[in-house]
Amino acid sequence: MENYDVILVFPKLWEKEFNPPNQPPYGLLMIGDMLLKKGFNVFVHDERLESLGIKSRRELINAVKQSSPLFFGISSQSGPMIENGLIDSKFFKQECPGVPVVWGGVHPTLMPEQTIKHPLVDAVIKGEGELPALGLAENLKKGNRDFSEIDGLYWKKPFDKSLQGKALEKNFSKTMENDEQKIIVNKPCFGVKDLDEIDMRWDLVNHNDYIRNIDGKKWLGLITSRGCPFRCGFCYNISFFGMSKFRGWSPEKTIEEMKKVLEWGVNFINLDDDYIFGDPLRMWKILDLKKEAGLDFSWKAPIRGHLLRDKLTKKIKDGGCESVSIGAESGSDKVLNLMTKDSGADAYYMAAKNLKKYNLNGHFSWILGYPGETLEDVYKTLNVIKDLEEINPNTEHVVNIFAPYPGTPSYEQAIEKGFKPPESLEGWTDNFRESCNELAYINDESRKVMETIRWARIFCTMYKKRRYYAGWIKPAVYFLGAISNIRWNYNIYNVPIEQQAVSLGRKALKRMMQNRNRDLEE
Ligand code: B12
Ligand code: SF4
């Protein structure tokens, strides 16, 4: 029986996962590396695999029951991970009272005060987790529960003026388990300087759980860098890493980590970095080293449109790139300026042409509903999409509705315009990103148009890419896809048939599930 010092959990991202992930919980594998190197025994549980039947809850329960952990760690983005993480926190508190439950990840970093206020959370790590997690483990191992020397930490403690940290002014006692606790905010932590010191510890999970067969290739995700030098207003980067922070594994280390995954038969790497081209020279060198080492795999990665000039497009094609995703966001330069995107829509035309020239797939994603955007801007975006499809019919376009993620500059703009953010940690669970119902500044007419466009694009893509649907939904998708295509060609966005059909379908599915559960209970 193994005794784990630290138990880290990656909660489910949705109510139910439908597809096996090809991304491991990268953050936990990297924190795990730091802890393992210092002699701590670590258990990582990826809850996404539970609902797919790949892993069982029992494994986590056994690990908890057989260990005397120093702390439990929960990772979370904004969204349903929060609710699932709270369920885990409750379980840990019941099983091991007195063992700190520590939250980290994008959401706790962007909303640390609200997160630490939750009674099921004892500490929050703001920002990169390796050093604070190690600090916690080392302190707790020594039996020291004064965490004031651990940079990057928000924590609860009986108030003690001699502590170095700064007590928040507000009185949080109503939300605390114990009225005598206060919240201490330690100095910030700027993360491990040289990322080469951190390995991706695949041995903490079963790598086979993340390898997927797609189009005859063996896919796996990898992340080689952190941060981005740009400053898009809707992105978490500025708040998470501070302005213009980009750093990655050295090209040599990147190649070594790539070799590791190729040994498992992987021949397609999904580069999940925020922006692997954040240092274009580094990426160029990686591609040179890949060629020198004779590594034979294809890959995909996000790239900004303006970088897709002839020379670089050729370089990535020669370097095995199969497709790129471009966060194009808007066809209106006015909106791109509001987003501080630092490039204009003309770059997308160049990108579409060069992608066609070098036979690369391009996935463009667009945002509707940004604060300050008008219907005129929305139609500009649609026109640009149509132009790009004409230049390069192989480009794919996904239209999303703007979601004001906490801690981003556009979140503040949305609040100024009437968006009401959730008032509690749980409030961020709801999948508010799916629609513009929450965006108070959008009027009814625009809302209808935007939602209709969004669904029309989804069905146009499903219709075009027939592999996305099968079985009993085929006729429905075919029918709705045909409507969407007409809509798209003739700009008719005032009768939201697709959206209504989806909502009816969802209701029917929910009723079916309820009936099935009732039958099972009886
Ligand atoms: C891979 C990925 C996904 C994967 C799944 C997540 C995963 N990790 O497997 C998929 C594709 C499913 C996905 C989906 C979505 N994603 Co996503 N995704 C990412 C991506 C590219 C990488 C995440 C990652 O692993 N990073 C690398 C590791 C090293 O960083 P990390 O996880 O933050 O961990 C570090 C710290 O946060 C901390 N830490 C993390 N956990 C813990 C736990 C403890 C205990 C401690 C101590 C510390 C700690 O320490 C780690 C090491 O330093 C990020 C962008 C990015 N580069 O981070 C976006 C990102 C997380 N995604 C984002 C979004 C918006 C989405 C979607 C909404 C997209 C969509 N429109 O559908 C969905 C939402 C899913 C959901 N229901 O919640 C946003 C999140 C914004 C927010 N406020 O949460 C990000 C930041 C992208 C962005 N630029 O805005 N995503
Ligand atoms: S380029 Fe991408 S990663 Fe960089 S700030 Fe903009 S959205 Fe974020």
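Reading the values: rules and limits
Residues numbered from 1 in each chain as written. Chains lettered and ligands numbered in written order. Predicted model: local features only at pLDDT ≥ 70, side-chain atom pairs only at ≥ 80, totals over all residues. Helix = DSSP H or I, 4+ residues; strand = E, 2+ residues; numbered from the N terminus. Buried ≥ 20, exposed ≤ 12 C-beta atoms within 10 Å, placed from the backbone. Contact = placed C-beta atoms within 7 Å. Pairing = 2+ DSSP bridges. Near = placed C-beta within 6 Å. Nonpolar A, V, L, I, M, F, W, Y, C, P; charged D, E, K, R; others polar. Axes fitted to C-alpha atoms, helices over the stretch in contact; angles between N-to-C directions. Expected span 1.5 Å × (residues − 1). Parallel < 35°, antiparallel > 145°, perpendicular 65-115°, else oblique. Left-handed = near helix turned anticlockwise from the far one by under 90°. Core = buried A, V, L, I, M, F, W, Y, C linked by C-beta atoms within 7 Å. pLDDT = per-residue confidence, 0-100.

Caption draft 1: Local environment of the overall build of the chain. Counting its secondary structure elements, the chain contains 17 helices and 17 strands. Each principal axis of the C-alpha distribution contributes one length, and for the chain these read about 70 × 60 × 50 Å. The burial tally for the chain puts 42% of its 522 residues in the buried class. Across the chain, contacts joining residues at least 24 apart in sequence account for 73% of those joining residues at least 6 apart.

Caption draft 2: Quick peek at the pairing of strand 1 (residues 6–10). Counting buried residues in strand 1 gives five out of five residues, a clear majority hidden from the surface. Going residue by residue along strand 1, you find Val6, Leu8 and Phe10 tucked away on one face and Ile7 and Val9 tucked away on the opposite face as well. Pairing of strand 1 with strand 2 (residues 42–46) involves five bridges; the strand directions are parallel. In the sheet register, Leu8 faces strand 2, and the bridge partner there is Val44. In the sheet, strand 1 pairs with strand 3 (residues 71–75) via four bridges, with the strands oriented parallel.

Caption draft 3: Up close: the site of ligand 1. Every one of the 38 residues lining ligand 1 counts as a neighbour, but Gly27, Gly73, Ser75, Gly104 and Gly129 are closest to it. In the shell around ligand 1, the residues fall into 20 nonpolar, 13 polar and five charged.

Caption draft 4: Structural context of the sheet that holds strand 17 (residues 396–401). Strand order in this open sheet of seven strands is 9-10-13-14-15-16-17, and the pairing throughout is mixed. Whereas interior strands pair on both sides, the edge strands pair on one side only; in this sheet they are strand 9 (212–214) and strand 17. For this sheet the average axis-to-axis angle between neighbouring strands, irrespective of direction, equals 25 degrees. Inspection of the sheet shows strand 9 paired to strand 10 (residues 217–222) by three bridges, in the antiparallel sense. From the neighbouring strand, Ile214 faces strand 10, where its bridge partner is Lys217. The strands touched by helix 12 (residues 346–357) within the sheet are strand 15 (321–329) and strand 16 (361–368), with strand 16 carrying the most contacts at an inclination of about 155 degrees.

Caption draft 5: How the structure looks around helix 6 (residues 130–141). The first and last C-alpha atoms of helix 6 sit 17 Å apart over twelve residues, in line with the 16 Å expected at 1.5 Å per residue. All of the buried residues along helix 6 are Glu130, Pro132, Ala133, Leu136 and Ala137. Within two residues after helix 6, Gly143 carries a phi angle of roughly 80 degrees, on the positive side.

Caption draft 6: Layout of the environment of Met30. With respect to the element layout, Met30 can be found in helix 1 (residues 26–37). The class of Met30 is buried, set by 22 C-beta atoms lying within 10 Å. With 236 residues separating them along the chain, Met30 and Val266 place their C-alpha atoms 21 Å apart. Apart from the residues lying within four places of it in its own chain, the contact partners of Met30 are Glu130, Ile198 and Met200.

Caption draft 7: Just the site of ligand 2, in detail. Neighbouring ligand 2 are Cys228, Phe230, Arg231, Cys232, Cys235, Asn237, Asp274, Tyr275, Arg304 and Gly327. Per-class residue counts for the shell around ligand 2 are five nonpolar, two polar and three charged.

Caption draft 8: Structural context of the packing of helix 8 (residues 251–262) against helix 9 (residues 280–292). At a minimum axis distance of 9 Å, the contact between helix 8 and helix 9 shows a crossing angle of 50 degrees. One element, helix 8, and the other, helix 9, form an angle in the oblique class. Crossing of helix 8 over helix 9 shows right-handed handedness. Across the interface between the two elements, Pro251, Glu252, Thr254 and Ile255 of helix 8 pack against Arg282, Lys285, Ile286, Leu289 and Lys290 of helix 9. For the contact of helix 8 with helix 9, the residue count by class is four nonpolar, one polar and four charged.

Caption draft 9: Local environment of the nonpolar core. Membership of the largest hydrophobic core comes to 76 residues, with the highest contact counts inside it found for Leu222, Ile269, Tyr348, Trp366, Leu368, Phe402 and Ile453. Ranked by residues supplied to this core, first place goes to helix 15 (residues 444–464) with eight residues. When near neighbours in sequence (up to four residues on either side) are disregarded, Phe402 contacts Phe234, Ile367, Leu368, Gly369, Tyr370 and Leu439. In terms of nonpolar packing, the next biggest core, distinct from the first, is built from 42 residues, Ile7, Phe71, Ile74 and Met200 among them.

Caption draft 10: A look at unusual backbone geometry. Positive phi, close to 60 degrees, is recorded for Asp342, a residue that is not glycine. Position of Asp342 relative to the elements: it lies in the loop between helix 11 (333–338) and helix 12.

Caption draft 11: Up close: the packing of helix 12 against helix 13 (residues 375–391). Contact geometry of helix 12 with helix 13 gives a least axis separation of 9 Å together with a crossing angle of 20 degrees. The angle between the axes of helix 12 and helix 13 places the two elements in the roughly parallel class. Crossing handedness for the pair helix 12 and helix 13: right-handed. Note on element contacts: helix 13 touches helix 12 through Val384, Asp387, Leu388 and Ile391, opposite Tyr348, Tyr349, Ala352, Lys353 and Lys356. Its residues assigned to classes, the contact of helix 12 with helix 13 comprises six nonpolar, no polar and three charged.

Caption draft 12: The environment of Ser323, seen in detail. Locating Ser323 in the fold gives a position in strand 15. In this structure, the C-alpha to C-alpha distance between Ser323 and Pro280, residues 43 residues apart in sequence, is 17 Å.

Caption draft 13: A look at the environment of Ala328. Residue placement: Ala328 occurs in strand 15. With 29 C-beta atoms counted inside 10 Å, the residue Ala328 sits in the buried group. The spacing of Ala328 and Ile385 is 57 residues in sequence and 9.9 Å in space, taken between C-alpha atoms. With residues up to four places along the chain from it excluded, the contact list for Ala328 reads Gly305, Tyr348, Phe364, Ser365 and Trp366.

Caption draft 14: Inspection of the confidence of the model for the chain at higher detail. When pLDDT is averaged along the chain, the result is 89; 90% of the residues meet or exceed 70. Here residues 159–177 scores under 50 on pLDDT; set against residues more than four positions off or in separate chains, the count is 27 contacts.

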